[in-house]
Amino acid sequence: MGAEKKLNLKLKIWRQPNANTKGKMVDYEVKDISTASSFLEMLDILNDQLIRKGEEPVVFDHDCREGICGSCSLFINGRPHGPGEGITTCQLHMRSFKDGDTIYIEPWRAKAFPVIKDLMTDRTAFDRIIAAGGYVSVNTSGNTIDGNAVPIPKDDADAAFNAAACIGCGACVATCKNSSAMLFTSAKVSQFALLPQGKPEAERRVLNMVAQMDKEGFGNCTNTGACEVECPKGISLENIARLNREFMKASVAGEG
Ligand code: SF4
Ligand code: FES
């Protein structure tokens with residue numbers, strides 16, 4: 001890692017009071033930002049300046065600040081989570097920028113993710129997709145089988161684990177020209193479809209989750225693949241192929 005430097009930056013940030021009022025890009029400047037700062041720390045410094053001047057701070061979503069929770073949903077210089085591969089916005093550092101740079105910061109843009117304020121969007125559509133089937137029912141009769149006693153092929157366990165790495169950040173939707181939620185939904189279907197524990201509810205799960213996804217207003221998948229490129233957790237397009245197979249199987253079974 002190189003020595004710490006200080007950056008002076010121009011920021012163009014989307015400001016929008018609420019979902020029903022038009023927003024616009026507003027110019028700001030920040031000075032002496034350490035290259036060792038995180039991107040969110042840089043925004044904290046800007047907000048500190050704004051509060052001292054009696055202006056409204058910029059609203060943005062964040063929680064864990066370590067790449068786990070999926071809440072730091074920022075579109076930076078035209079890319080979800082900004083420059084860099086396999087990282088969330090909170091894992092982005094200012095060393096990725098140069099002195100004098102202009103940085104564009106926008107919210108996720110998708111009909112199903114309406115802006116709440118400034119850079120914060122309402123992503124509860126994802127919660128409703130999960131509630132439609134992203135769970136397994138567990139036998140609580142006292143005769144429950146220990147999960148570790150169920151043999152699972154290693155390849156299936158690994159693929160399920162990889163699918164379960166999805167943090168629900170919504171970058172896949174934000175980058176997709178159709179605002180499709182297929183990568184997210186397919187990861188959530190796959191993590192159960194690959195495991196014996198997910199089999200009893202498999203048909204109901206995929207049909208209900210896809211129906212909810214459509215109801216929320218996400219667009220169709222046209223296999224562009226931008227979602228896989230921008231996903232911070234490396235969720236593979238293979239999950240979308242699996243979801244399509246699960247959906248076909250469940251649809252045919254429903255007709256029988
Ligand atoms: S599939 Fe990737 S980009 Fe989409 S919500 Fe999950 S972690 Fe985020
Ligand atoms: S704040 Fe939790 S993933 Fe970025």
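Residues numbered from 1 in each chain as written. Chains lettered and ligands numbered in written order. Predicted model: local features only at pLDDT ≥ 70, side-chain atom pairs only at ≥ 80, totals over all residues.

A. Summary view of the overall build of the chain. Scanning the chain from terminus to terminus reveals eight helices and seven strands. In terms of overall dimensions, the chain has a C-alpha envelope of 65 × 40 × 35 Å along the principal axes. Relative to its full complement of 256 residues, the chain shows a buried share of 36%. Of the contacts formed within the chain by residues at least 6 apart in sequence, a portion of 70% connects residues at least 24 apart. (Helix = DSSP H or I, 4+ residues; strand = E, 2+ residues; numbered from the N terminus. Buried ≥ 20, exposed ≤ 12 C-beta atoms within 10 Å, placed from the backbone. Contact = placed C-beta atoms within 7 Å.)

B. Quick peek at the environment of cysteine 221. Along the polypeptide, cysteine 221 turns up in the loop between α6 (202–215) and α7 (226–230). Its 20 C-beta neighbours within 10 Å are what place cysteine 221 among the buried residues. Residues cysteine 221 and cysteine 176, 45 residues apart in the sequence, show an inter-C-alpha distance of 8.5 Å. Discounting chain neighbours no more than four positions away, the residues touching cysteine 221 are Ser180, Met182 and Ile240.

C. Quick peek at the sheet that holds strand β2 (residues 24–34). Judged by pairing direction, the sheet is mixed, and its five strands sit side by side in the order β2-β1-β5-β3-β4 without closing on themselves. The sheet terminates laterally at β2 and β4 (79–80), the two strands that pair on one side only. The sheet contact formed by strand β3 (residues 75–76) and strand β5 (residues 102–106) spans two bridges and is antiparallel. Each bridged residue has a counterpart across the sheet, and for isoleucine 76 the counterpart in β5 is isoleucine 105. Sitting on the sheet, helix α1 (residues 39–52) touches β1 (6–15) and β2, and the angle it makes with β2 is about 105°. (Pairing = 2+ DSSP bridges. Axes fitted to C-alpha atoms, helices over the stretch in contact; angles between N-to-C directions.)

D. Representation of the nonpolar core within the structure. Ile129, Cys172, Val173, Ala181, Leu183, Phe184 and Met209 are the most contacted members of the largest nonpolar core, which totals 58 residues. Among all residues touching methionine 209, those that are not within four sequence positions of it are Ile129, Ala132, Gly133, Gly134, Thr185, Lys188 and Val189. (Core = buried A, V, L, I, M, F, W, Y, C linked by C-beta atoms within 7 Å.)

E. Seen up close, unusual backbone geometry. A positive phi angle, near 50°, is found at serine 179, a position not held by glycine. Looking at the element boundaries, serine 179 is found in the loop between α4 (171–175) and α5 (182–193). A count of 20 C-beta atoms within 10 Å places serine 179 in the buried class.

F. Geometry of the site of ligand 1. Around ligand 1, the structure places 14 residues, and the nearest of them are Cys166, Cys169, Ala171, Cys172 and Cys231. When contributions to the shell around ligand 1 are tallied by element, the ones reaching two or more residues are α4 and α5. The greatest single-element share of the shell around ligand 1, amounting to three residues, is contributed by α5. When grouped by side-chain class, the residues that make up the shell around ligand 1 number 11 nonpolar, two polar and one charged. (Near = placed C-beta within 6 Å. Nonpolar A, V, L, I, M, F, W, Y, C, P; charged D, E, K, R; others polar.)

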